[in-house]
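# Working through the structure, step by step
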Amino acid sequence: MTDLLKQAYDPENFRGQAHRLVDLLADHLEASYSQSDKTVLPWMDPDQRLLKWQNDLEQKFEFEPFWKDTIDETIHIHHPKYLGHQVCASLPLAGLGDMLNGVLNNGSAIYEMGPVSTAMERVVIDWLAGAMGYGKEASGVLTSGGSLGNLTALLAARQHQSGYDHWTEGKIDGFHPAIMVSEESHYSVSRAVQIMGWGEKGVIKVPTNPLHQLDAGRLEETYAKAEKQGLKVLVLVGNAGSTSTGSYDPLDQIAHFSEKKGLWFHIDGAHGGAAAITPKYRHLTKGIERADSIVIDFHKMLGISALTTAVLFRDGKRSYETFNQKAGYIFNNEEREQWFNSAVRTLECTKNMMGVKVYSILRTYGPQVFIDHFTTCYDLGREFAAIISQGADFELPYEPESNIVCYRYIGSGKTDHELNRLNADIRRKIIESGKFYIVQTQIDNKTYLRSSLMNPFTSKSDMEELLEEIRMYGKSG
Ligand SMILES: Cc1ncc(COP(=O)(O)O)c(C=O)c1O
């Protein structure tokens, strides 16, 4: 053991460092909530920032200035003027779970390497599955993110639906499997299909209605067309909150169609699937309990730090088929259903102690904290949309169903082409100013500003100020 290693492992050293870092983080949270810190994203060109940190490596190291600089220079998700991508202003206690994970470093995909987080993961999954309306035969796993979650669910679907042991034999001649999904689906769904080797052809897009929801009236013709092209549709995916517009597909109708055709029904509820646990927004997910699998990101609408995703299966047995050469054997041998070794059912071999993070929040505040977080943010989305629709110089392309709100400054007498450029320009100026953080999206080939109301601290006056800021840049642009 070298002296340097002794120093790096020293518990007293760690104690002092941790206390100081926690103090800095608590100060940061206070400054963000109160907005005494005026900056959401201290903008700097990426190359310039790289240079700064390359040079920093050569400087004398001082603990507090280093961490303070790291916090100050990065994006501040907890700032009420952060209205950008769908990453939540995480509950600080979840951050302590991350610290615990980092220090204990349990690789929790097998029981012996993470006994406590494995048990906690099971409790969390059972709770969420029940809250979705699933029965006791349901089960699932936590994965590092919704993208991996969608792939995990679709791999299980493939094995179950193929009619042969796809995992062992691979693709066979004359069999071209496919999924059907709305035009608004997240790219991780088509990416998962392409990872499975089904190609672009294997992703059949179902047209959407003016609210950007999958048009259930087009399912039959889309399915028939795919079959005619020689594709074998195995899975139908519904969005419970699409990424770009936050729209909810008609899950009940999709369930009905899937049952009729014998398809696996998967719900990408990474953003908004958790509506099902809230009394106020539950109606958006009507039919969710009929899905074969559901993905829900805790790090989007449930206040947990990234990445923490639940993959739920209505029939838990299905999740054991995914990577098994002889799926039939598994069903005959209960002992192989090792709920406590999640590596059997996911791609992750060493995984974070995600169970602890969610469990600690559930244990401390109860499920109501998730309901409050979700409901508050969705309420804010409605409030923002209402304020936007009062301004004659703004356009709201549709009435948002969630906390994802798209809008654009229209001023007066401008063509769509000019408005596309103008709004992209407005966004650039806004994020470079550091005062707000918003993003943009394309809807029907038009550029819209896009805000996800992810922070319960965002207030009406923040929203009004943002619109004033946009007007200012809009008029001068
Ligand atoms: C609907 C939807 N599905 C999946 C994902 C991917 O989730 P993650 O970023 O956790 O991988 C996202 C991310 O924004 C999403 O909005």
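Everything that follows concerns the structure shown earlier in this document.
Residues numbered from 1 in each chain as written. Predicted model: local features only at pLDDT ≥ 70, side-chain atom pairs only at ≥ 80, totals over all residues. Heavy atoms only, no water.

What follows covers the sheet that holds strand E11 (residues 446–452). Taken together, four strands build an open sheet; the order of strands is E8-E9-E11-E10 and the sheet is antiparallel. Of all strands in the sheet, those with a lone pairing partner are strand E8 (394–395) and strand E10 (439–443), marking the two edges. Here helix H16 (residues 368–390) sits on the sheet in contact with E8, strand E9 (404–409) and E11, set at roughly 20° to E9. Across the sheet, helix H17 (residues 416–433) touches E9, E10 and E11, and the angle it forms with E9 is around 115°. (Pairing = 2+ DSSP bridges. Helix = DSSP H or I, 4+ residues; strand = E, 2+ residues; numbered from the N terminus. Contact = heavy atoms within 4.5 Å. Axes fitted to C-alpha atoms, helices over the stretch in contact; angles between N-to-C directions.)

On to the packing of H17 against helix H18 (residues 460–476). Their axes nearest at 9 Å, the elements H17 and H18 cross at an angle of 120°. Between H17 and H18, the angle falls in the class oblique. Here the hand of the crossing between H17 and H18 comes out right-handed. Between H17, through Leu422, Ile426, Lys429, Ile430 and Ser433, and H18, the contact on the second element is made entirely by Leu466, Glu469, Ile470, Tyr473 and Gly474. (Parallel < 35°, antiparallel > 145°, perpendicular 65-115°, else oblique. Left-handed = near helix turned anticlockwise from the far one by under 90°.)

What follows is about the pairing of strand E3 (residues 203–206). Relative to E3, strand E2 (residues 176–182) is paired through four bridges, and the arrangement is parallel. Across the sheet, the residue bridging to Val181 is Lys205, located in E3. In this view, the connection linking E2 to its parallel neighbour E3 by way of helix H9 (residues 187–195) has right-handed handedness. (Right-handed = clockwise from strand over helix to strand, strands pointing away.)

Now for the site of the ligand. For the ligand, the set of nearby residues contains 14 residues, the closest of which are Gly146, Ser147, Thr243, Asp268 and Asp297. One of the side-chain nitrogen or oxygen atoms of Lys300 is found 3.2 Å away from an oxygen atom of the ligand. Coverage of the ligand by the protein chains reaches 85% of its 390 Å² of free accessible surface. Ranked by residue count, the leading element in the shell around the ligand is helix H7 (residues 146–161), at three residues. Looking at the shell around the ligand residue by residue, the classes come out as one nonpolar, 10 polar and three charged. (Near = heavy atom within 4 Å. Polar contact = N/O pair within 3.5 Å; in protein donor to acceptor, adjacent residues only side chain to side chain. Areas by Shrake-Rupley, 256 points an atom, 1.4 Å probe, with all protein chains shown as cover. Nonpolar A, V, L, I, M, F, W, Y, C, P; charged D, E, K, R; others polar.)

Moving on to the pattern of salt bridges. On inspection of all chains with the given rule, the structure shows 33 salt bridges. In this structure, Asp425 and Arg428 form a salt bridge, with 3.1 Å as the shortest nitrogen-oxygen distance. Here Asp425 and its partner Arg428 are both found in helix H17, three residues apart, which amounts to about one turn of the helix. Residue classification places Arg428 among the partly exposed residues on the basis of a relative accessible area of 38%. Between Lys429 and Asp425 there is a salt bridge; the shortest N-O distance is 3.5 Å. With Lys429 and Asp425 both in helix H17 and four residues apart, this pair spans about one turn of that helix. When salt bridges with common partners are traced through the structure, they connect Lys81, Lys435, Asp462, Glu465 and Glu469 into a single cluster. (Salt bridge = Lys/Arg side-chain N within 4 Å of Asp/Glu carboxyl O. Buried < 20%, exposed > 50% of the residue type's maximum accessible area, 1.4 Å probe, protein only.)

The next subject is the environment of Lys300. Relative to the elements of secondary structure, Lys300 occurs in helix H12 (residues 298–301). The spatial distance from the C-alpha of Lys300 to the C-alpha of Leu83 is 13 Å, given a sequence separation of 217 residues. For Lys300, the side chain forms a polar contact with the side chain of Asp297, separated by 2.5 Å.

Attention now goes to the sheet that holds strand E5 (residues 264–268). Through backbone hydrogen bonds, the strands of a sheet pair up, either in parallel or in antiparallel fashion. The seven strands lie next to each other as E1-E7-E6-E5-E4-E2-E3, forming an open sheet whose pairing is mixed. In the strand order of this sheet, the two ends are held by strand E1 (139–143) and E3, each with one partner. Across this sheet, the average inter-strand angle for adjacent strands is 20°, counted without regard to direction. Taken together, the five bridges between strand E4 (residues 231–239) and E5 define a ladder with parallel strand orientation. From the neighbouring strand, Val237 faces E5, where its bridge partner is His266. H9 contacts E2, E3, E4 and E5 of the sheet and is inclined by roughly 180° relative to E2.

Below, the discussion takes up the nonpolar core. Considering soluble globular proteins, one finds that nonpolar side chains tend to be buried as a cluster. Met132, Met180, Ile294, Phe298, Leu312 and Phe370 are the most contacted members of the largest nonpolar core, which has 59 residues in total. The element that contributes the greatest number of residues to this core is H16, accounting for six residues. Lining this core are residues from two domains, each supplying at least three of them: domain 1 (106–365) and domain 2 (369–476). Excluding residues that lie within four positions of it along the chain, Met132 makes contacts with Gly273, Ala274, Ala276, Ile277, Ile288, Glu289, Ile294, Ile296 and Leu312. Ranked by size, the runner-up nonpolar core spans 25 residues in total, among them Tyr164, Ile179, Val193 and Ala270. (Core = buried A, V, L, I, M, F, W, Y, C linked by side-chain atoms within 4.5 Å. Domains from an automatic or database assignment.)

Before going further, it helps to examine the state of the cysteines. Taken as a whole and assessed by the stated rule, the structure comprises zero disulfides. Free cysteine Cys377: the closest other cysteine sulfur is in Cys88, separated by 8.3 Å. (Disulfide = S-S within 2.5 Å.)

Glancing now at helix H11 (residues 251–261). Taken together, the buried positions of H11 are Leu251, Ile254, Ala255, Phe257 and Ser258. Buried positions in H11, seen along its axis, are confined to an arc of 165° and lie on one side of it. In this fold, the buried residues of H11 make contact with E2, helix H10 (219–228), E4 and E5. In the stretch just after H11, Gly262 is the one whose phi turns positive, near 70°. (Arc of directions from axis to C-beta.)

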